[in-house]
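Coordinate analysis (summary)
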There are 4 protein chains.
Amino acid sequence: MSNATGRKPIRWGLVGGGRDSQIGEAHRIAARLDNRFALTAGALDIDPQRGRAFATELGIAPERAYGTWRDMLAGERDRTDGLGLVTVATPNATHFEIAAAFLEAGFPVLVEKPMTMTVAEAEALQAMAQKSGRLLAVNFGYTGYPLVRQARAMVQEGDLGAIRVVVAEFAHGFHADAADADNARIRWRYDPAQAGASAVLADAGIHALHMIGYVTDQTIRRLSADFRSCLAGRLLEDDALLALDYSGGAVGRLWTSAVAVGQMHGLSIRIFGEKGGLRWAQEQPNQLYWTPLGAATRILERGAPGLYPDAAAASRLAIGHAEGLPVAFANLYRDIADAIDAGSTAPPDLPLAAAGLEMARAVEAAARSAADGGRWMTL
Amino acid sequence: MSNATGRKPIRWGLVGGGRDSQIGEAHRIAARLDNRFALTAGALDIDPQRGRAFATELGIAPERAYGTWRDMLAGERDRTDGLGLVTVATPNATHFEIAAAFLEAGFPVLVEKPMTMTVAEAEALQAMAQKSGRLLAVNFGYTGYPLVRQARAMVQEGDLGAIRVVVAEFAHGFHADAADADNARIRWRYDPAQAGASAVLADAGIHALHMIGYVTDQTIRRLSADFRSCLAGRLLEDDALLALDYSGGAVGRLWTSAVAVGQMHGLSIRIFGEKGGLRWAQEQPNQLYWTPLGAATRILERGAPGLYPDAAAASRLAIGHAEGLPVAFANLYRDIADAIDAGSTAPPDLPLAAAGLEMARAVEAAARSAADGGRWMTL
Amino acid sequence: MSNATGRKPIRWGLVGGGRDSQIGEAHRIAARLDNRFALTAGALDIDPQRGRAFATELGIAPERAYGTWRDMLAGERDRTDGLGLVTVATPNATHFEIAAAFLEAGFPVLVEKPMTMTVAEAEALQAMAQKSGRLLAVNFGYTGYPLVRQARAMVQEGDLGAIRVVVAEFAHGFHADAADADNARIRWRYDPAQAGASAVLADAGIHALHMIGYVTDQTIRRLSADFRSCLAGRLLEDDALLALDYSGGAVGRLWTSAVAVGQMHGLSIRIFGEKGGLRWAQEQPNQLYWTPLGAATRILERGAPGLYPDAAAASRLAIGHAEGLPVAFANLYRDIADAIDAGSTAPPDLPLAAAGLEMARAVEAAARSAADGGRWMTL
Amino acid sequence: MSNATGRKPIRWGLVGGGRDSQIGEAHRIAARLDNRFALTAGALDIDPQRGRAFATELGIAPERAYGTWRDMLAGERDRTDGLGLVTVATPNATHFEIAAAFLEAGFPVLVEKPMTMTVAEAEALQAMAQKSGRLLAVNFGYTGYPLVRQARAMVQEGDLGAIRVVVAEFAHGFHADAADADNARIRWRYDPAQAGASAVLADAGIHALHMIGYVTDQTIRRLSADFRSCLAGRLLEDDALLALDYSGGAVGRLWTSAVAVGQMHGLSIRIFGEKGGLRWAQEQPNQLYWTPLGAATRILERGAPGLYPDAAAASRLAIGHAEGLPVAFANLYRDIADAIDAGSTAPPDLPLAAAGLEMARAVEAAARSAADGGRWMTL
């Protein structure tokens, strides 16, 4: 589990993720945790001056502290000491344009979720990635948790038999206050002009939705959705329920909400197969509950002997020490580093453009289904 | 909280609930726990001889230990020391006929859920109860938990503001074994000829569905359902997902399953309103989690000072002592005894024919919706 | 698991347990739950008139509703329809005298814990019980929990190998408020004149201490104690820590407190042996956590297949339905009924005079040890 | 919460922490997480060649990849681009010598716990630190958890009133297997020649012991201990119980064990004061349970609004995202960096030589107490 590789850290560029950005900080911690990346260039803020100042504080050399992503692209494009990875952590509506531009210029890219705003963009971006021969990863960061990887491995190894039902949730209550009607930080999320076809599903539920596919290795065939806007004046949904059919026969049930007061970051998944069941929750990520059919439930601890190699490799500390999202997220960066070092554009454990495209299609289909009385939509 | 009333126990008759019946034992414990009922007559088994023998062992006088419910009806009908309550705990398909017969003969009746097999029967039974002027209660036993009553009182008192979303589950994994395909104890439940239009929703999910209405005091306006039969050869659903609209504006999300390996008796409810959220789970019934909007979650303990009177009255023991379903169930019997003593046919906290009818309509509507691609059905 | 026996309920007398007594209500529920006892006589209150009135309300015939326990003894002593069991649930200081009197008169007795105030009394009472040939049980009611019996059976069957360490707690916070200094309901507990040599250990910790012996089937050889009075003016301890040596080589660690704000009824036990560990907590009594050496922790559910017969027999409801203290407590009454019916004075699962005496010795030794700087005391 | 400072990372040297060392990896992650340190020099392994090779893989320049700590001291002592911090993560018995040497040479030092093997060494080291005017921190890494800092702040702010009782544990079961008698990785820990006066207390329990003082800001006045060696052939304790008196009047209860099968990394603390109680457990570190006297328990979430500044500053991610030990540990490194940058040798939140010395004294006193029948020892 050591982070020693003998290689130099990969030069890394960051677009977005300014001083007040939670996700920017999370990316920097994740990229740095295993010493596989060195933050080398950045266009961190919509305000060029603020972005350059912050970049400098972060230790980026002044000439690579850019005011805009276009400047960054221009400045980095032809360097001999070029970037090995560019992360795009800007507002959702800009993902497509920026990711496309860097991909086209030959940079491997990690883009925040949602990958794009529309299916058409997602298709275009995937095509561009294929054409470029560069890695395009999407930051479904919860997939880096060791016990999520254990669950995935258990499904792949057949420990649960054929999967029948998967129940996933991502519910929080941080958009529940009616007094926030005019809170700019929240309001844009429910404005179709800025957020697209979906709010809470595209923003939060998408993690749960992606995880169903990640753990089962199945893709969505069709779905039915119910969207609700619980707060007056909201045009997009703040609560949604989905039923899904998967390629391998699994049935999905997904609930997501932003008005679930008392839920913090309620990402959880339960997987039920012919031979057993699993349950895991992001808020207590170091335990995976496994019930073999007809037997007592067992608590699998992160770091325990006997876990599958993917789970073991994703741990940093000995059993019993709490690990959290920073390590999970760092696992994605490590997977990316491994892929870059190996010249691979299709590392098996990493969410890629195909996943980003599938999620875009699912969100769009869900919005159409919800608008049409829950009619089943085929993806 | 004392069980002293100074009244003689009400003479109680039981139909069904033979030696191997879990639910019969549960009824006897519940009826006896507060000394408000004395088991006086019974027709306990489909096998008359076995039923009479068991009744005698239970202390029923031989002349009131009947071989069939018809014999019981005939024998009890004109006694001067007649029964004050008859409980019907027979197979579901017989509920209507037996409950109707005893109601017609003037006996108050408690019938196991589901109240009837069809909506038509439910309507007829409700009409009969109204005409008879006798109490007709339905055993949604989980409503007797003190903290369920606390939740109901909190909603009624406005502690949560208008209710936006309610998420309820009742999931278990005891019908998940493909090897049970020929297990007679399980198979009939998935046979439309014996079980009617629905399996897991009518049998298990109905408790969660009822609880949404019980806690919010709202009725179902319309619903959409997805039914799945995960095991080969099953005609009825063993997994279902429902979206619902309620009379007071609440949105319901309900998942129920019989193939959820690792879930034991996973009845839980989460209620999200304008001013806060609540969550409660039957497997840990002595705590209710309350999150006021914008504040830390609080753990309300059964028996704690400050709970609403309905919750306080439903407790038997001091705070911190685990109470379970036997006490919850006994609360229904105590409510019935209070109603009978008071001559009331509409005690406010007790599930009555109206609830039984609403559930019948909901189950039927759900089956139709599921058969029609999840089309929304108005009740 | 049915409660049918074909026998008439045993006539039961209750001393103490008046209208406001929690423990009286708990005894009545427990005795009634399986229909093995019929409350037939009682002297329920220190106020004779109040006691008789309450007894009548409970359905006791007026001539057997006594004003004092002496009247009850006199009245019941020579009846041909005599009592089959007398429960003593009076203030602790009166246990000895009352239990002794009824035992001497030939009645089987269940006495609340602590059995007596002193070791001398405990020895005398045990001797009296032996001489009388009557059952003398002590109400360590938590031993009736199905999963406590599972733990005991697992130890007996060797599933854990030799027991090394047992860690037990009984901590609550209900005597933590300095404002209660003059609260009569609390103050007497810390007054040596009324409470004897120990407060929280004798009152609460004793349950945890007894449970160590019950589960391991070992007796205390020696102990060391630290007693603290955290509230000004208290003469007896409201917080105690004990180290213990047991007859079979187990080491005990016990913490008990009445000032642990936030602990409700924190009775828990953890048992660590050569081959595995167990943990159980009274506030979540339907799960037992078992970790075989070198393997994942397993959650044993009450009612699950595969539990030992003692655990299975102590359950009333199917797996997943919460059961609580009323059922646990009823198991003691059922064990007593079985013993009485069988003419046994030494049923294996029931806490008897020997346990009451051992606890008296332990409490006394702990008080002496605490007064002597924690010196180890041999029992 | 951003990790931007505009300063260059501090040059950091590591002694110990070779390829298979869990703790070495943990230090590197912690030091790197906020980009405040750059690993610049190291003597990582008892095997010089292996150590140099690993150092190179970690990106240390070959000329600063040393074979021994003495070489490192010699090589680093007079550099102009000298180290700003040296971490000592070697076997316990070498801490004193190495830390002393680097301190004396003018380097700030972070030493793994236990700081030294003996009280005499601890006193000498503290004196040396004072004389050198350099920072000497001790790695009680669990003190970096945000909610531990919240607990500390709540005590300091008086939210709990005067502290009465603190109950702490650190129990695991990883030395419970009798088959490990000859396992070299475990055996040395119980050998006085290598481990000193104490095994599980000095190794694991010390974290719980330190945390009592950290959270309450009180020091140990006296203690009584019971040590047990549960496995045949062990000379040092693998299970211990301590009672303690603190400078501010708090009473401590501490249990630690290495034979507690089923406990993973069971570090927990419960603090009971006049005005309320707190509980926190390392295995679920993102929640702190607070019970104000007479009120319902509240769940304080890491990252929630309203936490004290120290707790808020110690978080990296938004509420609801699990954080674990890597972040906690990184907080110590960040505190060290802040202190170094500020020229402070006494940052208030950081465990320093005084804490290391107090722990050494406590462990030694506990061993003497245990050897003397639990006699109370004054520190």
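Residues numbered from 1 in each chain as written. Chains lettered and ligands numbered in written order. Predicted model: local features only at pLDDT ≥ 70, side-chain atom pairs only at ≥ 80, totals over all residues. Heavy atoms only, no water.

**Considerations on the pairing of strand E9 (residues 251-257) of chain D**
Residue and element names in this part refer to chain D. The element E9 is extensively covered by neighbouring structure, given that seven of its seven residues are classed as buried. Alternating residues of E9 divide into Val 251, Arg 253, Trp 255 and Ser 257 and Gly 252, Leu 254 and Thr 256, and every residue in both groups is buried. Across seven bridges, strand E6 (residues 163-171) lies against E9 in parallel orientation. Residue Val 166 lies in a different strand from E9, and its bridge partner there is Gly 252. Alignment of strand E8 (residues 239-246) against E9, held across seven bridges, turns out to be antiparallel. Bridging from a neighbouring strand, Ala 240 pairs with Thr 256 of E9. The antiparallel pairing of E8 with E9 creates a hairpin that spans four residues between the two strands, and Gly 249 there sits at a positive phi of about 100°. (Buried < 20%, exposed > 50% of the residue type's maximum accessible area, 1.4 Å probe, protein only. Helix = DSSP H or I, 4+ residues; strand = E, 2+ residues; numbered from the N terminus. Pairing = 2+ DSSP bridges.)

**Comments concerning the sheet that holds strand E5 (residues 136-139) of chain D**
All names here are of chain D. Sheet architecture is open: five strands sit in the order E2-E1-E3-E4-E5, paired in parallel fashion. A strand with exactly one partner marks an edge of an open sheet, and here the two such strands are strand E2 (37-43) and E5. Each strand axis lies, on average, 25° off the axis of its neighbour in the sheet, ignoring direction. Judged from the four bridges that link them, strand E4 (residues 109-112) and E5 form a sheet pairing that is parallel. Looking across to E5, one finds that Glu 112 is bridged to Asn 139. (Axes fitted to C-alpha atoms, helices over the stretch in contact; angles between N-to-C directions.)

**Some thoughts on the interface of chain C and chain D**
Across the contact, 41 residues belong to chain C and 41 residues belong to chain D. Of all residues in chain C, the largest losses of buried area upon contact with chain D belong to Arg 164, Arg 253 and Val 261 of chain C, amounting jointly to 22% of the total for that side. Our count for the chain C to chain D interface comes out at eight salt bridges. Where Arg 270 of chain C meets Glu 169 of chain D, a salt bridge forms, and the shortest distance between an N and an O atom there is 2.5 Å. (Contact = heavy atoms within 4.5 Å. Buried area = accessible area lost by both parts, 1.4 Å probe. Salt bridge = Lys/Arg side-chain N within 4 Å of Asp/Glu carboxyl O.)

**Considerations on the packing of aromatic side chains**
One pass over the full model with this rule turns up 32 aromatic pairs over all chains. Here the aromatic rings of Tyr 142 of chain C and Phe 170 of chain C are separated by 6.1 Å at their centres, their planes lie at 70°, and the arrangement is edge-to-face. Taken together, the positions of Tyr 142 of chain C in the loop between strand E5 (136-139) and helix H6 (146-156) and Phe 170 of chain C in strand E6 (residues 163-171) put the pair 28 residues apart, joining distant regions of the chain. The class for Phe 170 of chain C is buried, based on a relative accessible area of 2%. With centroids separated by 5.4 Å and ring planes inclined at 85°, the aromatic side chains of Phe 37 of chain D and Tyr 333 of chain D adopt a geometry described as edge-to-face. (Phe/Tyr/Trp six-rings, centres within 6.5 Å; stacked < 30°, edge-to-face > 60°.)

**Description of the sheet that holds strand E3 (residues 85-89) of chain C**
Residue and element names in this part refer to chain C. Reading across from one edge, E2-E1-E3-E4-E5 is the order of the five strands in this open sheet, with parallel pairing throughout. Of all the strands in the sheet, the pair left with one neighbour each is strand E2 (37-43) and E5. With strand direction ignored, the average angle separating the axes of adjacent strands in the sheet is 25°. As judged from the five bridges shared by strand E1 (residues 10-16) and E3, these two strands associate in the parallel manner.

**Some points on the interface of chain A and chain D**
The extent of an interface is frequently quoted as the accessible surface area lost upon association of the parts. The interface is formed by 44 residues belonging to chain A together with 44 residues belonging to chain D. The interface formed by chain A and chain D contains zero salt bridges. Counting residues per element, the ones that place at least two in the side of chain A that touches chain D are helix H1 (22-33), helix H2 (48-57) and helix H11 (325-342) of chain A. Considering each element in turn, the side of chain A that touches chain D owes the most residues, seven residues, to H1 of chain A.

**Remarks on the relation of the copies chain A and chain D**
Mapping chain A onto chain D calls for a rotation angle of 180° and an axial translation of 0.0 Å; the resulting RMSD is 0.0 Å. When the rotation and shift are considered jointly, the pair of chain copies conforms to a two-fold rotation axis. By residue overlap, the copies meet face to face through one surface: 100% of the interface positions of chain A are interface positions in chain D. (Least-squares fit on C-alpha atoms with pLDDT ≥ 70 in both.)

**Considerations on the confidence of the model for chain A**
In this model, chain A carries a mean pLDDT of 95, and residues with pLDDT of at least 70 account for 99%. Here the predicted complex scores 0.97 on pTM and 0.95 on ipTM. (pLDDT = per-residue confidence, 0-100.)

**Some points on the packing of helix H4 (residues 95-104) of chain B against helix H5 (residues 119-132) of chain B**
Residues and elements named next belong to chain B. Running from amino to carboxyl end, H4 crosses H5 at an angle of 10°, the nearest separation of the two axes being 9 Å. Between H4 and H5, the angle is such that the two are roughly parallel. Considering how the two elements wind past one another, H4 and H5 form a crossing that is left-handed. Across the interface between the two elements, Phe 96, Ala 99, Ala 100, Leu 103 and Glu 104 of H4 pack against Glu 121, Ala 124, Leu 125, Met 128, Ala 129 and Ser 132 of H5. (Parallel < 35°, antiparallel > 145°, perpendicular 65-115°, else oblique. Left-handed = near helix turned anticlockwise from the far one by under 90°.)

**A closer look at the environment of His 27 of chain D**
Residues and elements named next belong to chain D. By secondary structure assignment, the location of His 27 is in helix H1 (residues 22-33). Exposure remark for His 27: the relative accessible area of 0% places this residue in the buried category. Taking the C-alpha atoms as reference, His 27 lies 8.7 Å from Tyr 333; in sequence the two are 306 residues apart. For His 27, the residues in contact, after removing those within four places along its chain, are Trp 12, Thr 87, Ala 89, Leu 110, Glu 112, Asn 139, Phe 329 and Tyr 333. Only 2.6 Å separates the side chain of His 27 from the side chain of Tyr 333, close enough to count as a polar contact. (Polar contact = N/O pair within 3.5 Å; in protein donor to acceptor, adjacent residues only side chain to side chain.)

**Comments concerning helix H11 (residues 325-342) of chain C**
Given a rise of 1.5 Å per residue, 18 residues ought to cover 26 Å, and the 26 Å separating the end C-alpha atoms of H11 of chain C matches this to within 8%. Note on H11 of chain C: the residue one or two positions beyond its end, Gly 343 of chain C, has a positive phi of about 70°. (Expected span 1.5 Å × (residues − 1).)

**Quick notes on helix H1 (residues 22-33) of chain B**
All names here are of chain B. If you check H1, its first and last C-alpha atoms are 16 Å apart, about what 12 residues at 1.5 Å a residue would give, namely 16 Å. For H1, the tally of buried residues reaches 10 of 12 residues, placing the bulk of the element in the interior. Restricting attention to buried positions, one finds in H1 the residues Gly 24, Glu 25, Ala 26, His 27, Arg 28, Ile 29, Ala 30, Ala 31, Arg 32 and Leu 33. Capping the start of H1 is the job of one residue whose side-chain oxygen sits 3.4 Å from the backbone nitrogen of Ile 23: Ser 21. Positive phi appears at Asn 35, one or two residues downstream of H1, with a value of about 60°.

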